[in-house]
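Summary of the model geometry
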Amino acid sequence: MESLVFENIPLPSAGAVKASLPESMNSKPANIGTLFEAEESGLLRYAIGLVGRRMVAEELVQETFLRLHKIWAEVDNPRGWLYRSLRNLALNHLRDNPKEAELTDETAQSEATLPAEMLGRNEAVGMVRLLLAEMPESDRSLVRLKYHDDLQYAEISKRTGLSVSNVGYRLHHVLKALADNLRHAGIEGSQG
Amino acid sequence: MNHDDNKNTANTLATELEARVVAWISGEASAFEAAELERLITDKPELAIFKRRMQAIQGLVAEAVRPEKDPLRLSPDRRGKLLQELGVTKADALLPQSARVESPIISLKAERRAQRKSRRWILAAAACVTLGLFGVMLVPNAYKGGRLETRMDRPLFSYKGRSENADYALAPPEAAKLQYEVKRREEFTEKKKAVEEAIALAEKRKQASSEERRELEGSGRDQRMAALAKMGREIADRAVQRQNGDDDEDAPARRGYQATNTLAGSRIRTEFKDIASAITVLPKESAGDIGAADKQALLQYASNTEAGGIQGNFVAPAAPASVGQLEKQVGSYGGKGEADKALATADEEKLVLSPFEVSSSKNNGYISKDTLAAKQIKKSGSLAEKAKSDDSRLENAPKPSQPAKKPNSLPSATEIITATEPVSTFSLHVSDVSFKVAKEALAHDSDLDRERIRPEEFYNAFNYGDPTPALNEKISCHIEQAAHPLMQQRNLVRIAMKVAAAGRGAGQPLRLTVLLDTSGSMEREDRVAAVRRAMQSLVSLLGPNDRVTLIGFARQPRLLAESVPGDQAGELLNIIANTPAEGGTNLEEALKLGREQAQRQFEETAQNRIVLLTDGAANLGNADREELATSIEESRKEGIAFDACGVGMEGLDDAMLEALSRKGDGRYYVLNSAEDADAGFARQLAGALRPAAKNVKLQVRFNPSRVRSYRLIGFEKHRLREEDFRNDKVDAAELAAEEAAVAVYQVEPLPQGEGELGEVFVRFLDPSTGNMVERSWTLPYEAKAPAFDRASPTMQLAGTAALLAETLQRGEKEDAARLNELMPIVKALPGHFPDNDRVDDLVTMFEQVKKLSAE
């Protein structure tokens, strides 16, 4: 294992357009610490959505980051990797502990037990993040422009250089693919 | 998720519509557009569904993309630690130790090891000190088992060291027991001091851990304490090591003492899992009594068996096979000289006998010439003799006899444990050649080549009269079972598949290429007659749309007739009659020409087949089975099947023909005489020429909770891997219309288990439709499977045929003796199958075997 020296310096933004973006949208942040700051919450939510229990979710997130840390240099798309890996760990956990009672651990008091719909939504959102992270950059930027920046097609077209109809076509494509992938992952609708 | 997806252009309209909907929900649509889409939605409900889905997805995406307004954080403690981890330079620090407290999912083993390591250092230090002391004290006490001394102290410490794991605590009873053990050792030395020191160390290291774990360790330790009291040091240590999950880190160094004089130290050089058992010798009779067919069964039922491995009193020889060779597996006693010899051959043998595990390292233990144990059992002969041996015989202990035929080449008669491998897959290849060959051999009292016995060809030689399925059903399955007549706790299961009758117009045109052996040996009258009859049958099945090419071969192949239409094929008989038979047999050249011709007249929609008629082995040209088989395989890939018909039994190269026809997806027949080429043969031929099912594979999935072990009787050459079942590129056998195929399994059901025995799957290609067909049936569990003598006649027929085949395969006289028990059942069979020559043949074969075994 190589030894890495991490400096806690956030990546300087590469351009005006990207300046407004959350760090996580870039392909690879300079260090894992930054990534952690950016993704901690999202991953935690996803984990909770998957396993239902805060304590376990935290462990999973922790484990995921530790694993990423080990192979940081080799991972191209750490964000996608994080979500994937977290998902796998969660599924493994669920498989190995099928009968864990929901309310036995002490953390049950520390937070209201999330209702099933919330869990489902968390899982769905996490899944979407995972899929977004694994998308090609062009698609991702379209999504970002549309849903983060709330731009109209025309604006997007101007920024990306694609025709308006092309923008429409691609967005439709992306949404459809996301929907299909969610369905394959067993998540239907928006409620998980 | 890729823009580069090539969307189906046929769907562009739909796609466009969808895109419009998406734009609409994204707020891109003009009022006019919106109105129009609204209208469309009411018309097409699926569009409405699509819209809802998209809206849902949009919501998710929006949420996914937006920054968290209320971000969640890991608990501060955990977070801090993690950040520390991530920011730290050395990768080593990633060892879970620091995060241990909060993450149960992270393995504790590493941590345990780390702690253990530190413990061990301290112990080692302590050991060194005390060793020094004892070295001085022990020198005057040294005795013959010299090694004893130098090890005596170390194991004690290390043993404790093992127990000093941070996670376990020595409960007070342990400490007391430890002291008892220590007192025992005081006979040899005075180590009280050391022991007390160690105990103190142990107590210092007590840490709270889960209650269960302590108890578990405690109970484990109880057993081991008992062991210590009785057995040599080393064994106990090793046992402890195992329990504690240690990975033999010090094992090589901790040999313990190896006495050469005491029985305790030498005879058992094993890891004892169950020390309390006494040790007894198991003679052959008990094997028979228990009905054990292999060593697994043997040791299950016998609670005490002697196991010493090579270094003990045993010499464990090579390949296991069956009851008959059981004594060879279990080993035999012998004097030193023979033991050494056997050692050399069986060096790497690992004999696994439950409940002991014997490792056969060259650990020359005690091999006695003098004890009764050694004398009672001769290495060579059968165990039956051994028990009766007397001293006079022992003086001239004969050399170990090697079995006449190599046991290694015989199929293993071991049962497969369901838990390990629950799936059994094979190609449903049916033939009856092996049965006929064996029948002849027994009738003429000639040598029976055991390797040529194929049990599936024995029990498939009979027509069981299973019901034919309706045409639209394509294939049916009939399952029955009964208790095994000769083994305890085992059932025999007969799985019969039957193909539907051929519908009208099921005939494909044929393109046949017949390779006829015209070598000198075919001159014999009976062979000439047989060939003539066979060809007559063949010709009678041909129609005007069929084409036959005839090639005669001896030293050289000769094209005798090319692509003769079926209705004129009668001429072929004349041609054959006028072709002289002379010369050697060059099979390679014949096959080559055959292939060429078959390719020449190849037709996609036809049945393209090469039929070989020969009497003997190839003695010219390439006779390498594998290579010829490969070329056959090539043909098969091109769509040309290969059938083989052996003429006459003498000199028949059964192995070759079997291999070729197996590779060629075709049939294998044998005609001993003209009579054999009878109506039955014609039917077979007809069926084979127009298979109703191709690539027929059978897969049985056993239920591990109901079946402990199973064994497929036969089909050794047709086994497939599990994944081959649905891999349609993997070829398998063909079945004709109305043809039945039977598979017999021996299963060990668990009465306390749950569920059925398993499931049967069959998969084949239906030539009439070109589609694959797969069906499955349940293999039911019958709690009260009938005793064999009360089973249905078909079950009895299949069972006795299968057992006969197995007995012949093993070639042991003892088996034959047991087979006699089935005699009354066998004799009653013709009553159930009147006018059935084959069944009569079976009875005759049984009688012949009985005669032979009595000699």
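In short, a report on the structure. (Residues numbered from 1 in each chain as written. Chains lettered and ligands numbered in written order. Predicted model: local features only at pLDDT ≥ 70, side-chain atom pairs only at ≥ 80, totals over all residues. Heavy atoms only, no water.)

Take the pattern of salt bridges next. Following the criterion strictly, the structure yields 50 salt bridges over all chains and no others. A salt bridge links A:Glu134 to A:Arg84, with the shortest nitrogen-to-oxygen separation between them at 2.8 Å. Placement of the pair is A:Glu134 in helix α6 (residues 116–134) and A:Arg84 in helix α4 (residues 78–96), with a sequence separation of 50 residues. With relative accessibility at 34%, the residue A:Glu134 sits in the partly exposed group. Members of the salt-bridge network, linked through shared partners, are A:Glu37, A:Glu40, B:Arg73 and B:Arg79. (Salt bridge = Lys/Arg side-chain N within 4 Å of Asp/Glu carboxyl O. Helix = DSSP H or I, 4+ residues; strand = E, 2+ residues; numbered from the N terminus. Buried < 20%, exposed > 50% of the residue type's maximum accessible area, 1.4 Å probe, protein only.)

A word on the layout of surface pockets. All names here are of chain B. Here the largest pocket defines a volume of roughly 1,200 Å³. Lining the largest pocket we find 39 residues, and of these Ala461, Gly680, Arg683, Gln684 and Arg838 sit closest to its centre. Looking at the lining of the largest pocket, the elements with two or more residues in it are α19 (433–443), β13 (668–671), α26 (679–689), β18 (740–749) and α30 (837–854). With five residues, the top contributor of residues to the lining of the largest pocket is α26. (1 Å grid on protein atoms, 1.4 Å probe; cavity = no way out; pocket = protein on both sides within 12 Å on 5 of 7 lines; lining within 4 Å. Points joined across faces, edges and corners; volume = space filled by probe spheres on them.)

In this structure the tally under the stated criterion is 11 aromatic pairs over all chains. Relative to B:Phe462, the ring of B:Phe435 lies with its centre 5.3 Å away and its plane at 65°, an arrangement referred to as edge-to-face. Remark: B:Phe462 occurs in the loop between α20 (455–459) and β6 (475–483) and B:Phe435 occurs in helix α19; sequence separation between them is 27 residues. Given the relative accessible area of 1%, B:Phe435 is considered buried. You can call B:Phe462 buried: its relative accessible area is 7%. On the numbers, 4.3 Å between centres and 25° between planes, the contact of B:Phe702 with B:Tyr710 is stacked. On the basis of relative accessible area, B:Phe702 is assigned to the buried category, the value being 4%. For the cation-ring pair, A:Lys146 lies above A:Tyr147, with the distance from its terminal atom to the ring centre recorded as 5.9 Å. Positioned above the aromatic ring of B:Phe761 is the side chain of B:Arg726, whose terminal nitrogen or guanidinium carbon lies 5.9 Å from the ring centre. (Phe/Tyr/Trp six-rings, centres within 6.5 Å; stacked < 30°, edge-to-face > 60°. Lys NZ or Arg CZ within 6 Å of the ring centre and 35° of its normal.)

So, on to a negative patch on the surface. All names here are of chain B. A cluster of acidic residues, Glu675, Asp678, Asp835, Asp837 and Asp840, forms a negative patch on the protein surface. Following the sequence through the fold, Asp678 ends up in the loop between β13 and α26. For Asp678, a relative accessible area of 35% translates into the label partly exposed. (Patch = residues over 30% accessible without salt bridge, like charges linked within 9 Å, V, L, I, M, F, W, Y side chains within 5 Å. Areas by Shrake-Rupley, 256 points an atom, 1.4 Å probe, with all protein chains shown as cover. Lys, Arg positive; Asp, Glu negative; His and termini not counted. Charge placed at Lys NZ, Arg CZ, Asp CG, Glu CD.)

On to the interface of chain B and chain A, then. Interfaces are frequently sized by the accessible area removed from exposure as the parts join. On the chain A side, the residues contacting the 51 residues of chain B number 64 residues. Between chain B and chain A, the buried area comes to about 5,300 Å², and carbon and sulfur atoms account for 62% of it. At the junction of chain B with chain A, the criterion picks out six salt bridges. For B:Glu18, the salt bridge is made with A:Lys176, and the minimal N-O distance between the two is 3.5 Å. Of all the elements in the fold, those that place two or more residues in the side of chain B that touches chain A are α1 (12–25), α3 (45–65) and α4 (76–87) of chain B. The element contributing the most residues to the side of chain B that touches chain A is α3(B), with 13 residues. Here the side of chain B that touches chain A is built from residues that sort into 27 nonpolar, 10 polar and 14 charged. (Contact = heavy atoms within 4.5 Å. Buried area = accessible area lost by both parts, 1.4 Å probe. Nonpolar A, V, L, I, M, F, W, Y, C, P; charged D, E, K, R; others polar.)

This part takes up the nonpolar core. Counting residues in hydrophobic clusters, the biggest one holds 75 residues, and the most contacted among them are B:Phe458, B:Ile495, B:Met497 and B:Tyr745. Sort the elements by how many residues they give to this core and helix α27 (residues 793–810) of chain B lands first, with nine residues. Not counting residues up to four positions away in its chain, the partners in contact with B:Ile495 are B:Cys477, B:His478, B:Ile479, B:Val700, B:Ala741, B:Val742, B:Ala743, B:Tyr745, B:Val760 and B:Leu779. Formed by 71 residues, the second largest nonpolar core is a distinct cluster that contains A:Ala90, A:Val143, B:Val22 and B:Ile57. (Core = buried A, V, L, I, M, F, W, Y, C linked by side-chain atoms within 4.5 Å.)

Moving on: helix α22 (residues 570–577) of chain B. Residue and element names in this part refer to chain B. Within α22, the full set of buried residues consists of Leu572, Leu573 and Ile576. On an axial view of α22, the arc spanned by its buried residues comes to 105°, and they lie on one face. Here the buried face of α22 lies against β8 (510–517), α21 (525–540), β9 (547–553) and β10 (557–565). (Arc of directions from axis to C-beta.)

A word on the pairing of β10(B). All names here are of chain B. As judged from the six bridges shared by β9 and β10, these two strands associate in the antiparallel manner. Bridged to Gly552 within β10 is Arg558. Taking the residues that link successive antiparallel strands as the turn, the β9-β10 hairpin has three residues. (Pairing = 2+ DSSP bridges.)

The analysis is restricted to geometry; functional conclusions fall outside its scope.
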